[in-house]
Amino acid sequence: MSLTNTQYDTIMRQYEARQNRRRHIREERLRTACQQYPSLKELMDDISDLSLTRAKMLLNGDEQALSLLKEELSALTQKKQELLSSLGLSGDYFEPPYQCPHCKDTGYIGHEKCHCFKQAAIDLVYTQSNLKSILKEENFDTLSLEYYTTEDADQSGRSSRQRAEDAVAQCKGFLKDFDTTFGNLFLYGDTGVGKTFLSHCVARELLDSGHSVIYFTAFELFQIFERATFGRERQAGASGDYQNLFDCELLIIDDLGTEFSNSFTTSQLFLCLNERILRRKSTIISTNLNIPQLAELYSERTFSRVTSHYTMIKLTGSDIRILKKIRGC
């Protein structure tokens, strides 16, 4: 993720604030428990003193004394765990959970940026907070199939309700296998049948599990392509934001086909999808286009990539937004 120094410092201050909050919680818990249970305070003091002695011996290179000290410290630690248990406190009571257990709220795992850092960078660079507010309303918990009927079977003999049920199952399967199996989703159908809602459901689950997700409408996506190719970003060599489209774990392209289409958008879409396939980075596309229209508008090459590497999910039915207005929802 390409960041300016200011942006990087902003994110690192967030991690510092997390660490400070955790430290404050730990100190407050320790102070309160030691005031309430004098025996615990005495034991914690013994552990602290012994740890300090151990550190001094380590500096002096006294390996024999250090070995004995490790045994004493282990015994005291075990005694502390037993005392905490007898007081009804968990063994890790003085170690409140990290917001990100993978990097322990440092932003890094070794020398590599943690996935939570990458998502923080995405949020900062692309201002995805609007998406997050939407995801509070549109997710699997709020998903309802009541707007799909069983009485509108199409030529395949499947009703809109059956198609919706299958689509939900396929999206959940995509999520279940996300970390082990490379896959992509292509959601298509008429306006208002729930394609964007489903992509929001998937985005919510992946964000909650610490994956990096970038969401754009097709119009916004092609604006980035245009700026990276013809704008100041190209002249300055600052192509990091463009590169992030290929690096994020999931890219969601919403409303493909609503943008002004020309040879440039056609070539850039192929480049984007093909590169993400090569990198085995997942993509979700939602569109009102049908399959023949996709081939006609974006070339046979793009059509081939999509049909070969994407799970095609068709949704049918009435415009749910109109149905909600009629019902006063």
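Fair warning: this is a prediction, and the values are worked out from it, not measured in the lab.

Colleague: For this particular structure, what's the right way to read the overall build of the protein chain?
Modeller: Of regular secondary structure, the protein chain possesses 13 helices and seven strands. The 329 residues of the protein chain split such that 40% are buried. Carbon and sulfur atoms provide 49% of the accessible area of the protein chain, an area that totals close to 18,700 Å².

Colleague: Is there a simple way to think about the packing of aromatic side chains in this case?
Modeller: Centre-to-centre distance and the angle between the planes together describe a pair of aromatic rings. Tallied over the entire structure, the rule returns six aromatic pairs. With a centroid separation of 5.8 Å and an interplanar angle of 50°, the aromatic rings of Tyr8 and Phe117 are classed as tilted. Linking Tyr8 in helix 1 (residues 5–36) with Phe117 in helix 4 (residues 115–126), this pair joins segments that are 109 residues apart in sequence. Given a relative accessible area of 29%, Tyr8 falls into the partly exposed group. Looking at Phe117, the relative accessible area reads 0%, which means it is buried.

Colleague: Is there a simple way to explain the environment of Phe260 in this structure?
Modeller: Among the structural elements, Phe260 can be located in the loop between strand 5 (250–256) and helix 11 (263–278). Considered as a pair, Phe260 and Ala218 are 42 residues apart in the sequence and their alpha carbons are 9.6 Å apart.

Colleague: In this structure, what is going on with the sheet that holds strand 7 (residues 311–315)? I would like to understand it.
Modeller: Picture the strands of a sheet paired through backbone hydrogen bonds; they go either parallel or antiparallel. Strands sit in the order 4-5-6-3-7 across an open sheet of five strands; the sheet is parallel. Strands with a single pairing partner mark the edges of an open sheet, and in this sheet they are strand 4 (213–217) and strand 7. For this sheet, the mean angle separating the axes of adjacent strands, direction not counted, is 15°. Of the strand pairs in this sheet, strand 5 and strand 6 (residues 282–287) are connected by five bridges, and their pairing is parallel. Counted as the bridge partner of Leu256 is Thr287 from strand 6. Taken strand by strand, helix 7 (residues 195–208) contacts strand 3 (185–189), strand 4, strand 5, strand 6 and strand 7, and its axis lies near 160° from that of strand 4.

Colleague: Please clarify how the packing of helix 8 (residues 218–230) against helix 11 should be interpreted in this entry.
Modeller: Pairs of packed helices are described in terms of their axes, by the angle between the two and the distance that separates them. Contact geometry of helix 8 with helix 11 gives a least axis separation of 10 Å together with a crossing angle of 100°. Of the possible angle classes, the one that applies to helix 8 and helix 11 is roughly perpendicular. For the pair helix 8 and helix 11, the contacting residues are Phe222, Phe225, Glu226, Thr229 and Phe230 in the first and Phe264, Thr265, Gln268, Leu269 and Cys272 in the second. The residue makeup of the contact of helix 8 with helix 11, split by class, is six nonpolar, three polar and one charged.

Colleague: What am I meant to see in the confidence of the model for the protein chain here?
Modeller: Note: predicted coordinates in regions of low pLDDT should not be interpreted at a detailed level. With 88% of its residues at a pLDDT of 70 or more, the protein chain has an overall mean of 84. Per-element confidence in the protein chain ranges from a low mean pLDDT of 47 for helix 9 (residues 232–236) to a high of 97 for strand 6. Within the model, the stretch residues 233–238 combines pLDDT values under 50 with eight contacts to residues more than four positions away or in other chains.

Basis of the calculations
- Residues numbered from 1 in each chain as written.
- Predicted model: local features only at pLDDT ≥ 70, side-chain atom pairs only at ≥ 80, totals over all residues.
- Heavy atoms only, no water.
- Helix = DSSP H or I, 4+ residues; strand = E, 2+ residues; numbered from the N terminus.
- Buried < 20%, exposed > 50% of the residue type's maximum accessible area, 1.4 Å probe, protein only.
- Areas by Shrake-Rupley, 256 points an atom, 1.4 Å probe, with all protein chains shown as cover.
- Phe/Tyr/Trp six-rings, centres within 6.5 Å; stacked < 30°, edge-to-face > 60°.
- Pairing = 2+ DSSP bridges.
- Axes fitted to C-alpha atoms, helices over the stretch in contact; angles between N-to-C directions.
- Contact = heavy atoms within 4.5 Å.
- Parallel < 35°, antiparallel > 145°, perpendicular 65-115°, else oblique.
- Nonpolar A, V, L, I, M, F, W, Y, C, P; charged D, E, K, R; others polar.
- pLDDT = per-residue confidence, 0-100.

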